[in-house]
Protein chains: 2
Amino acid sequence: MLTLDDYRIQIESAIKNLKFPEGKLDSLYNPIKYALSAGGKRIRPVLTLMAADAFGQKADQAVMPALGLETFHNFTLLHDDVMDKSEMRRGRLTVHKKYDENTAILSGDTMLTLATQYVSEVPDTLLRLVLDSFNSMAIKVYEGQQLDMDFEKQSQIDLNDYIEMIQCKTGALLGACAKIGALVGGASEKDADKMYDFGLKTGVAFQIQDDWLDTFGDPTTFGKNIGGDINNAKKTYLYVAALQQDSQTAEALRDAFNIPSGDVRVKAVTRLYEKLGIGESTKKAVNHYSSLALKALNSTSLSDDKKEVFRKLAEKLIGRKK
Amino acid sequence: MLTLDDYRIQIESAIKNLKFPEGKLDSLYNPIKYALSAGGKRIRPVLTLMAADAFGQKADQAVMPALGLETFHNFTLLHDDVMDKSEMRRGRLTVHKKYDENTAILSGDTMLTLATQYVSEVPDTLLRLVLDSFNSMAIKVYEGQQLDMDFEKQSQIDLNDYIEMIQCKTGALLGACAKIGALVGGASEKDADKMYDFGLKTGVAFQIQDDWLDTFGDPTTFGKNIGGDINNAKKTYLYVAALQQDSQTAEALRDAFNIPSGDVRVKAVTRLYEKLGIGESTKKAVNHYSSLALKALNSTSLSDDKKEVFRKLAEKLIGRKK
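About the criteria used
Residues numbered from 1 in each chain as written. Chains lettered and ligands numbered in written order. Predicted model: local features only at pLDDT ≥ 70, side-chain atom pairs only at ≥ 80, totals over all residues. Heavy atoms only, no water. Helix = DSSP H or I, 4+ residues; strand = E, 2+ residues; numbered from the N terminus. Rg over C-alpha atoms; globule rule 2.2 N^0.38 Å. Buried < 20%, exposed > 50% of the residue type's maximum accessible area, 1.4 Å probe, protein only. Contact = heavy atoms within 4.5 Å. Areas by Shrake-Rupley, 256 points an atom, 1.4 Å probe, with all protein chains shown as cover. Core = buried A, V, L, I, M, F, W, Y, C linked by side-chain atoms within 4.5 Å. Least-squares fit on C-alpha atoms with pLDDT ≥ 70 in both. Buried area = accessible area lost by both parts, 1.4 Å probe. Salt bridge = Lys/Arg side-chain N within 4 Å of Asp/Glu carboxyl O. Polar contact = N/O pair within 3.5 Å; in protein donor to acceptor, adjacent residues only side chain to side chain. Expected span 1.5 Å × (residues − 1). Bend = angle between axes of the 7 residues up to and from the residue. Phe/Tyr/Trp six-rings, centres within 6.5 Å; stacked < 30°, edge-to-face > 60°. Lys NZ or Arg CZ within 6 Å of the ring centre and 35° of its normal. Axes fitted to C-alpha atoms, helices over the stretch in contact; angles between N-to-C directions. Parallel < 35°, antiparallel > 145°, perpendicular 65-115°, else oblique. Left-handed = near helix turned anticlockwise from the far one by under 90°. Nonpolar A, V, L, I, M, F, W, Y, C, P; charged D, E, K, R; others polar.

Details of the overall build of chain A
Next, step 1: Secondary structure assignment for chain A yields 15 helices and two strands.
Next, step 2: Relative to the 2.2 N^0.38 estimate, which gives 20 Å for 322 residues, the radius of gyration of chain A is 20 Å and therefore close to what a compact globule would have.
Next, step 3: Taking the principal axes of its C-alpha atoms as reference, chain A extends roughly 60 × 50 × 35 Å.
Next, step 4: For chain A, the residues scored as buried account for 58% of the 322 residues in total.
Next, step 5: Long-range pairs, those at least 24 residues apart, make up 74% of the contacts in chain A between residues at least 6 apart in sequence.
Next, step 6: Surface accessibility of chain A: about 13400 Å² in total, with carbon and sulfur atoms responsible for 49%.

Quick notes on the nonpolar core
Next, step 1: If you look at the biggest cluster of nonpolar residues, it comprises 226 residues, and the most contacted ones within it are A:Phe72, A:Tyr273, A:Phe310, B:Phe72, B:Tyr273 and B:Phe310.
Next, step 2: Sequence-distant contacts of A:Phe310, that is, excluding residues within four places in its chain, are made with A:Leu47, A:Met50, A:Ala51, A:Ala54, A:Met195, A:Phe198, A:Leu297 and A:Leu302.

Points about the relation of the copies chain A and chain B
Next, step 1: Superposition of chain A onto chain B requires a rotation of 180° combined with a translation of 0.0 Å along the rotation axis, giving an RMSD of 0.0 Å. In short, the pair behaves as if placed about a two-fold rotation axis.
Next, step 2: Comparing interface residues between copies, 100% of those in chain A also sit at the interface in chain B, which points to an isologous, same-surface contact.

Points about the interface of chain A and chain B
Next, step 1: In this assembly, 41 residues from chain A lie in contact with 41 residues from chain B.
Next, step 2: Roughly 3700 Å² of surface becomes buried between chain A and chain B when both sides are summed, with 58% attributable to carbon and sulfur atoms.
Next, step 3: The residue A:Lys24 makes a salt bridge to B:Asp161 at a minimum N-O spacing of 3.9 Å.
Next, step 4: Where chain A packs against chain B, one counts 20 residue pairs in polar contact (both at pLDDT 80 or more).
Next, step 5: Of all the secondary structure elements, the ones that give two or more residues to the side of chain A that touches chain B are α2 (26-36), α4 (63-84), α6 (101-119), α7 (124-151) and α8 (159-185) of chain A.

Some remarks on the pattern of salt bridges
Side-chain pairs of opposite charge can arise whenever the charged atoms involved come near each other.
Next, step 1: A full pass over the atoms with the stated rule returns 30 salt bridges over all chains.
Next, step 2: One salt bridge in this structure joins B:Asp124 and A:Arg128, with 2.7 Å as the shortest N-O distance. Highlighted residues: B:Asp124 in helix α7 (residues 124-151) and A:Arg128 in helix α7, drawn from two different chains.
Next, step 3: B:Lys179 is the salt-bridge partner of B:Asp193, the closest N and O atoms lying 3.0 Å from each other. Taken together, the residues B:Asp193 in helix α9 (residues 189-216) and B:Lys179 in helix α8 (residues 159-185) connect sequence positions 14 residues apart.
Next, step 4: What emerges from the salt-bridge pattern is a single network uniting A:Asp148, A:Glu152, A:Lys169 and A:Lys234.

Overview of α8(B)
Residues and elements named next belong to chain B.
Next, step 1: Counted at 1.5 Å a residue, the expected span for α8 with its 27 residues is 39 Å, and the 36 Å between its end C-alpha atoms agrees.
Next, step 2: In the structure, α8 departs most strongly from a straight axis at Gly 171, where the bend amounts to approximately 50°.
Next, step 3: In terms of burial, α8 is largely enclosed, as 22 of its 27 residues are buried.
Next, step 4: If you check the start of α8, you find a side-chain oxygen 3.0 Å away from the backbone N of Asn 160, and it comes from Asp 158.
Next, step 5: Once α8 finishes, Gly 186 follows within two positions and takes phi at roughly 100°, a positive value.

Here's the deal with the packing of aromatic side chains
Next, step 1: All chains considered together, the criterion is met by 20 aromatic pairs over all chains.
Next, step 2: Geometrically, the ring pair formed by A:Phe75 and A:Tyr142 is edge-to-face, given 6.4 Å between the ring centres and 80° between the ring planes. On the criterion of sequence distance, the pair formed by A:Phe75 in helix α4 and A:Tyr142 in helix α7 is long-range, its members being 67 residues apart. Of the two residues examined, A:Phe75 and A:Tyr142, each falls in the buried class.
Next, step 3: Between the aromatic rings of B:Tyr239 and B:Phe257, the centroid separation amounts to 5.2 Å while the plane-to-plane angle is 80°, which identifies the pairing as edge-to-face. With B:Tyr239 in helix α11 (residues 237-243) and B:Phe257 in helix α12 (residues 247-258), this pair connects stretches of sequence that are 18 residues apart.
Next, step 4: Its relative accessible area of 10% is what places B:Tyr239 among the buried residues.
Next, step 5: What makes B:Phe257 buried here is its relative accessible area of 11%.
Next, step 6: Sitting over the ring of A:Tyr34, A:Arg92 keeps its end group 3.9 Å from the ring centre.
Next, step 7: In this arrangement the basic side chain of A:Lys98 is found over the ring face of A:Tyr99, its NZ or CZ atom lying 5.9 Å from the centre.

Quick word on the side chain of A:Thr236
Residues and elements named next belong to chain A.
Next, step 1: Note that Thr 236 resides in the loop between α10 (228-231) and α11 (237-243).
Next, step 2: Given the relative accessible area of 6%, Thr 236 is considered buried.
Next, step 3: One polar contact links the side chain of Thr 236 to the main-chain amide nitrogen of Tyr 239, over a distance of 3.2 Å.
Next, step 4: Residues contacting Thr 236, with those up to four places away along its chain left out, are Tyr 162, Asp 211, Asp 229 and Tyr 273.

Some details on helix α13 (residues 263-276) of chain A
Residues and elements named next belong to chain A.
Next, step 1: Over its 14 residues, α13 runs 20 Å from end to end, which matches the ideal 20 Å to within 8%, given 1.5 Å per residue.
Next, step 2: Among all positions of α13, only Arg 265, Val 266, Ala 268, Val 269, Thr 270, Leu 272 and Tyr 273 are buried.
Next, step 3: Of the surrounding secondary structure, the elements contacted by the buried residues of α13 are α9 (189-216), α10, α11, α12 (247-258) and α14 (278-298).
Next, step 4: Gly 277 sits one or two positions beyond α13 and adopts a positive phi of about 70°.

Considering the environment of B:Ala187
Residue and element names in this part refer to chain B.
Next, step 1: Mapped onto the secondary structure, Ala 187 falls in the loop between α8 and α9.
Next, step 2: With 50 residues separating them in the primary sequence, Ala 187 and Met 137 have C-alpha atoms 19 Å apart.
Next, step 3: Dropping the residues within four chain positions of it, Ala 187 is found in contact with Phe 55, Ala 182 and Ala 192.

Quick word on the packing of helix α3 (residues 43-54) of chain A against α4(A)
When two helices pack together, you describe them by how their axes are tilted relative to each other and by the distance separating the axes.
Residue and element names in this part refer to chain A.
Next, step 1: Look at α3 against α4: their axes get within 8 Å of each other, and the N-to-C directions meet at 155°. As far as their axial angle goes, α4 and α3 are roughly antiparallel. Where α3 crosses over α4, the two elements pack in a sense that is right-handed. Between α3 and α4, the residues in contact are Arg 44, Pro 45, Thr 48 and Leu 49 and Val 63, Ala 66, Leu 69, Glu 70 and His 73, respectively.
Next, step 2: Looking at side-chain class alone, the contact of α3 with α4 contains five nonpolar, two polar and two charged residues.

Section: the environment of A:Lys24
Next, step 1: Along the chain, A:Lys24 turns up in the loop between α1 (4-17) and α2.
Next, step 2: Residues within four places of A:Lys24 in sequence aside, it is in contact with B:Leu147, B:Asp150, B:Asp161 and B:Glu164.
Next, step 3: One polar contact links A:Lys24 to B:Glu164, side chain to side chain, over a distance of 2.5 Å.

Okay, structure coming up:
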């Protein structure tokens, strides 16, 4: 197997080689090229290539499905940015800011169909299975986004709801990346499903860790500003875990969030989280989902050295920017 | 074969029987049910059922792909309405007006994936062919919508550009409906491609006729207000045909469109069209594309009585509300 960087380079070069109609359709395809060129770790398609490779097929057999999954991911970011009115992503203007909202909607739609086309570039014998995995995953992602938007309007959420939401919104895609790669690699359906579970649980651990970092991370290595979630009153794992305690705590939490956004609010909420031991219980949840992911990985028929490569990927993903 | 009404009833009942998750995901799925329940002639899925039936397979084998094509059509209307800021459709509030814009974007995305799932409910031996037809059609529809949006900002368009745009935006979907139905019915790829051409050309004739009706139609039978396109300064076949005459005519046309929207503008533009014989040349174009459609239909291996049913469908579609 290759290094993570080798796989990433393979993806970057495949993205560069994608051909789109030029000329009068530039207004549709330039935003797509812009969205796909944002770079990043390309963790999702890398996982697909790795899985294909691990189960016996050379990674380049899985490049098109991997690109499809990356295109799908970027499509969801594009439409999410419109819905959230986000202006920046990865240090650049979002598509609807650089172009306009209609362009972002229509180019996003086009990306979803392109993603389906790329994912379908698998042998005929695998098409049904791969396509079904992809479409079910996509539905889960939309459901997760809807649940997330609904949460922002609800005063009562419990941790089960929260976990379900991030399983859909973040976990399902990583699960599908691992599963589709495994299928292309020649894995049995049973192994492919276990790889799905590995991706899913890794995604959940990753998202909870991301929530933790936003409050307790090291500002010198965390990519975003510490306290962003608190300032935006985002319903994170930390918030929901605190809310679920007794009614007195819930009230104190709401009071702290009633402070106008800024350093004072961030400090007040963080102090409350510390008092309640939310940092520790959140870390416990990260570890819990990480071990579930490893349990799924260990139950596959992969050799130990191959398991080790996925273990390192998960570690890198979850343990990042502590 | 059955009557158009029989096929339509089959579609309506299949839509009613669609199952969606209930409860907390209502905010995602209720807008989809609302969009799919708008009724109408269901011309597109009816064409799919008819084609399946004509080529030998009972229509109910094609119900799911037909539903997929209808779901796709409604997804494009939903996103187009957001982009055009339209408030009403078929006498009801549009989805983004009844709910909100974010709901319309996300429920639309979900409909596109649902459409792909429904269309994929064909035998394994047909999956690749059906899926490829569906995805290529979808890309054409987005390209057509982009060309249409770009036209509104351009001062120079010629009739070839206009025809290309409506081939993509209106023709490709009717083509895919006929082709996918034919494939499910057991048609050869050659016959299926001819049916695509029949649908494509019928769609073009239909769209040009629709442009004609908007200016020259009978107000008592035309569904919308006469002159709507002129009032909205829409780039129709009539407008483009007039614009492409000499520069003096183009100037007179621009002058007429500079009159504030209302009856005076509608009368001035209509008078100019009449003087130029645009009504007649538009009718000629409708007839031209109708005969191309019939030529494609006649070149299939279908029996004469079956061809007759499609001929009547095209006539009904194009000759409507004269």
